[in-house]
Amino acid sequence: MRILFIHPNYHSGGAEIAGNWPPAWVAYLTGALKQNGFSDIVFIDAMTNDIDDDRLRELIAKAEPDVVGTTAITPAIYKAEAILKMTRETCPNAVTVLGGIHATFMYSQVLTEAPWIDCIVRGEGEEIVVQLMRAIEHGRWPSDRAKIKGIAYADGGQVIATPAAPTVKDLDAIKPDWGILEWSKYNYIPLGKRVAIPNFARGCPFTCSFCSQWKFWRDYRVRDPKKVVDEIETLMREHDVGFFILADEEPTINKKKFVAFCQELIDRDLKILWGINTRVTDIIRDEELLPFYRRAGLIHVSLGTEAAAQLKLDLFKKEATVAQNKRAIELLRNAGIVVEAQFIVGMENETAETLEETYRMAQDWKPDLANWSMYTPWPFSDLFRSMGDKVEIFDYEKYNFVTPIVKPDLMDRAELLDRVMNNYRRFYMKKAFFSYPWSWPWGQSGQRGRYLLGCLKAFLKSGFERKFYDLGKVNYWGPQSKKKVDFHFDATRARADDSQVEWTTNHNRGVQRTEPVKACGGGTEQLPEKAV
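Asks: Account for helix α13 (residues 352-365), naming residues and giving values.
Replies: The terminal C-alpha atoms of α13 lie 20 Å apart, and with 14 residues this matches the ideal 20 Å at 1.5 Å per residue to within 8%. Taken together, the buried positions of α13 are L355, T358, Y359, M361, A362 and W365. Each buried residue of α13 lies within a common arc of 160° when the element is viewed along its axis, so the set occupies one face. Relative to its buried face, α13 has exposed residues pointing more than 90 degrees away, namely E353 and R360.

Asks: Mind laying out the sheet that holds strand β4 (residues 95-99), listing which residues take part and the relevant values?
Replies: Pairing between the strands of a sheet comes from backbone hydrogen bonds, and it takes one of two forms, parallel or antiparallel. The seven strands lie next to each other as β2-β1-β3-β4-β5-β6-β7, forming an open sheet whose pairing is mixed. Among the strands making up the open sheet, the edge pair consists of β2 (41-45) and β7 (158-161). Each strand axis lies, on average, 20° off the axis of its neighbour in the sheet, ignoring direction. Alignment of strand β6 (residues 151-155) against β7, held across four bridges, turns out to be antiparallel. Residue A154 lies in a different strand from β7, and its bridge partner there is V159. Taken strand by strand, helix α1 (residues 24-35) contacts β1 (3-7), β2 and β3 (67-71), and its axis lies near 165° from that of β1. Strands β1, β3, β4, β5 (119-121) and β6 of the sheet are contacted by helix α5 (residues 126-137), whose axis makes an angle of about 155° with β5.

Asks: Give me the lowdown on the pairing of strand β12 (residues 241-245), citing residues and values where you can.
Replies: The buried fraction of β12 is high, at five of five residues. Pairing between strand β9 (residues 193-196) and β12: three bridges, direction parallel. Residue pairing across strands places V195 opposite F243, the latter belonging to β12. Pairing of β12 with strand β13 (residues 273-278), which is carried by three bridges, proceeds in the parallel orientation. From the neighbouring strand, F243 faces β13, where its bridge partner is L273. In this fold, the crossover linking β12 to β13 by way of helix α8 (residues 255-268) has right-handed handedness.

Asks: Which residues make up a negative patch on the surface, and what values go with them?
Replies: On the surface, D50, D52, D53 and D54 cluster together into a patch of negative charge. Mapped onto the elements, D53 comes out in helix α2 (residues 53-63). Using a relative accessible area of 48% as the deciding quantity, one classes D53 as partly exposed.

Asks: Run through a nonpolar patch on the surface, naming residues and quoting values.
Replies: A cluster of nonpolar residues, M429, F433, F434 and W438, forms a patch on the protein surface that exposes about 560 Å² of accessible area. Residue position: F433 is located in helix α15 (residues 413-434). By relative accessible area, F433 is classed as exposed at 54%.

The rules behind these values
- Residues numbered from 1 in each chain as written.
- Predicted model: local features only at pLDDT ≥ 70, side-chain atom pairs only at ≥ 80, totals over all residues.
- Heavy atoms only, no water.
- Helix = DSSP H or I, 4+ residues; strand = E, 2+ residues; numbered from the N terminus.
- Expected span 1.5 Å × (residues − 1).
- Buried < 20%, exposed > 50% of the residue type's maximum accessible area, 1.4 Å probe, protein only.
- Arc of directions from axis to C-beta.
- Pairing = 2+ DSSP bridges.
- Axes fitted to C-alpha atoms, helices over the stretch in contact; angles between N-to-C directions.
- Contact = heavy atoms within 4.5 Å.
- Right-handed = clockwise from strand over helix to strand, strands pointing away.
- Patch = residues over 30% accessible without salt bridge, like charges linked within 9 Å, V, L, I, M, F, W, Y side chains within 5 Å.
- Areas by Shrake-Rupley, 256 points an atom, 1.4 Å probe, with all protein chains shown as cover.
- Salt bridge = Lys/Arg side-chain N within 4 Å of Asp/Glu carboxyl O.
- Lys, Arg positive; Asp, Glu negative; His and termini not counted.
- Charge placed at Lys NZ, Arg CZ, Asp CG, Glu CD.

See the structure below:
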């Protein structure tokens, strides 16, 4: 039985400006399948290779698959649906399968608008996919589909969701097949090296209203640090990986295991650079450990500072202060670590003045990098439901952090984009002339200076190519082009009825809480060791 996996060809000018990112999902699913005897697996990375529909149709037909599977984050959902429609037309007998976070919670809407999809895998896929493929291989599909936990399908016009499958309890038992990827294509522009995105943990012990990580992964599990380093060493040795970013939202939650991970990297002297996303409060907590993290190769930390104004921090329930944000950035820079500040902009109360405030705070805090992301409420998050009619765009392809989904009350979307671009221009112009060149060759073996100049290269490259922030697609060329900006929203897309969304999920919590937890970028909570 031949299984064909396809990564959708979706681009938005966001994180991809730093390079091509390896789609780890296919390595994890392929590894699980091969461990269970499924060896005939083919992968097409339509995104990295920018494969158009006509060529993709030819490749699907040539593969002659029995099963075609794809995945989708929210902005890629229409591309994923189109792939499986193409499959139905090209290989009508192939079973079409969709996974990923959007379909996990929006399966009812997806199956209604894309009836050519045979099956949706909900949540963590490794164990579910093995059960699904066994049923297909042994001729028990679709007769026994109701017996497979963790899937959804349409039957006679009715959408059926089977009981949730248990999460993978032993993450270290999963052996990803990294060889399924064409590694020469996955290059990290700032360093000119191949990049990987391994898992350190899955899930999150906190339950933030705007986030979906804790919903998707359900319970929080951390891998054995030695096994994670084993995997990194294999990636270096077999696939020439020279840089990695931990896939976790916040790998520092479990301080004990994160320290053990860093120590293992130091003990093996792998000399590889890497980056993470984490919380401001964790950085302040670990002030004395930051030089130790740097010795382990940590070169880039992206902080969820989120907002420059205390009013916005309070709105996001950050429980962090402007002063804490500034202090965390200072600590990281003093430790020789490149620090990136994340700002969320584009809420309904955004104005030109509040956007200017984020710029002034960025100048005061002095992060090495700054990123202004458009406020994007996931359509399956508690926050989205609570916003009601404040959300008026339901074209999920634009839910990409670079397109204004929520229109501010006192400015139009074009002006919002223009003010954000003004912040980028001023911030990186100053960095290019007065900061980055003077970082060379200071820092640990000159690594910090080289890294910053590499980041500037990536930023300039995407700008000249008009790929940054989708500027070319929306026809933005500067302040003079504001009136010509067109975000190309598909007005035919409608909001899913609340009954079509899986708002809740079964999950096991190690810590029972009586008060709302705070958001990931801040918060007073630190997870007790006994809870992890």
